[in-house]
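Here is what each chain is made of, one letter per residue.
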Amino acid sequence: MGKNKKIEVFGTLSKSETLFTISDKTIPGTLVFESFQPFPGYYNEVPNEAKPVYLYIGLEKDYEVFEVSRAFQHIKKTKGWNFEAACASVKIYNKTFHTLRLRHLDSYDDIKPIQEAFAELGIKPKTITGKWKQEEGIITLKKTFCIQKVAKGIFMDCSEDYHAYILLPKYMTSEEFNEYNQQVIYNWFGSKFDSAKGAFYYKFKLREMVRIYSKKLDLNYLEDLQKLYLSKIK
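Peer 1: An account of helix H2 (residues 111–120) is requested, with residue identities and associated values reported.
Peer 2: Because an α-helix packs 3.6 residues into every turn, residues spaced three or four apart end up facing the same way. Looking at H2, one finds that the buried residues are Ile 111, Ile 114, Gln 115, Ala 117, Phe 118 and Ala 119. Tucked inside the fold, the buried residues of H2 contact strand E2 (32–35), strand E3 (54–58), helix H1 (65–79), strand E4 (84–92) and strand E5 (95–103).

See below:
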């Protein structure tokens with residue numbers, strides 16, 4: 001599986017997560033969502049540690065991806081902090097929030113310093129009143145993926161454990177994807193997995209894909225899932 005080189009591709013992921021707002025250890029009055037269960041299809045992945053898994057930091061406006069990336073790279077270089085950040089939109093009911101998705105924080109104590117560091121570079125946090133408690137949010141993430149091809153149409157993530165990607169033959173709306181995805185889930189008898197709709201640029205073309213999350217990933221598992229997806233998506 002390790003014979004193919006690692007490559008970086010830019011793309012998107014869309015998924016549904018249960019979100020709630022937090023206020024402790026943040027800049028007072030700013031919007032910060034935490035995900036209650038980042039991988040809802042994979043029941044074993046329930047946060048049980050005293051550190052955040054997925055956070056969504058509200059932003060004042062829809063900043064350009066490169067603008068946020070420059071700020072993120074500067075912060076990592078100058079501060080030496082170990083975390084990952086990517087642009088994301090969060091839609092709850094009919095309201096859309098522009099956010100910064102944070103991963104791999106060591107502690108909740110990191111939230112406020114990270115907000116302040118981005119604000120110093122012009123990426124301002126969103127101030128808001130009110131709270132959300134376990135609301136379903138539609139997340140659309142824009143990020144760079146580090147991937148490695150392991151079989152035709154199958155890629156492993158090189159920077160995130162337990163993540164893989166299976167190419168799909170056509171574009172689907174969220175509703176169409178959800179319909180096909182449920183057919184796959186109902187007909188799958190292997191270890192549970194979580195899935196999300198996505199796309200990335202690969203070999204100068206935009207490729208539709210499904211992100212698979214499971215701690216049981218191996219090539220046979222992914223090839224079996226691939227066959228099932230392709231049999232359902234006509």
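Still more to cover.
Peer 1: Let's hear about the environment of Lys 131: which residues, and what values?
Peer 2: Position of Lys 131 relative to the elements: it lies in the loop between H2 and strand E6 (135–151). Along the primary structure Lys 131 and Ile 22 are separated by 109 residues, whereas in three dimensions their C-alpha atoms are 8.0 Å apart.

Peer 1: Please give an account of the side chain of Thr 21 that cites residues and values.
Peer 2: Following the sequence through the fold, Thr 21 ends up in strand E1 (residues 6–21). Accessibility expressed as a relative area gives 16% for Thr 21, which makes it buried. Among the polar contacts listed, one links the side chain of Thr 21 to the backbone nitrogen of Trp 132, at a separation of 3.0 Å. Once residues within four sequence positions are removed from consideration, Thr 21 is found in contact with Leu 31, Val 32, Phe 33, Lys 131 and Trp 132.

Peer 1: Give a detailed account of the packing of helix H3 (residues 174–186) against helix H4 (residues 219–232), specifying residues and quantitative values.
Peer 2: It is the contact of H3 with H4, at a shortest axis distance of 9 Å, that shows an interaxial angle of 130 degrees. By the angle class used here, H3 and H4 are oblique. Seen along the crossing, H3 lies across H4 with a hand that is right-handed. On H4, the residues touching Tyr 180, Asn 181, Gln 183 and Val 184 of H3 are Leu 225, Leu 228, Tyr 229 and Lys 232.

Cut-offs and rules
Residues numbered from 1 in each chain as written. Predicted model: local features only at pLDDT ≥ 70, side-chain atom pairs only at ≥ 80, totals over all residues. Heavy atoms only, no water. Buried < 20%, exposed > 50% of the residue type's maximum accessible area, 1.4 Å probe, protein only. Helix = DSSP H or I, 4+ residues; strand = E, 2+ residues; numbered from the N terminus. Contact = heavy atoms within 4.5 Å. Polar contact = N/O pair within 3.5 Å; in protein donor to acceptor, adjacent residues only side chain to side chain. Axes fitted to C-alpha atoms, helices over the stretch in contact; angles between N-to-C directions. Parallel < 35°, antiparallel > 145°, perpendicular 65-115°, else oblique. Left-handed = near helix turned anticlockwise from the far one by under 90°.

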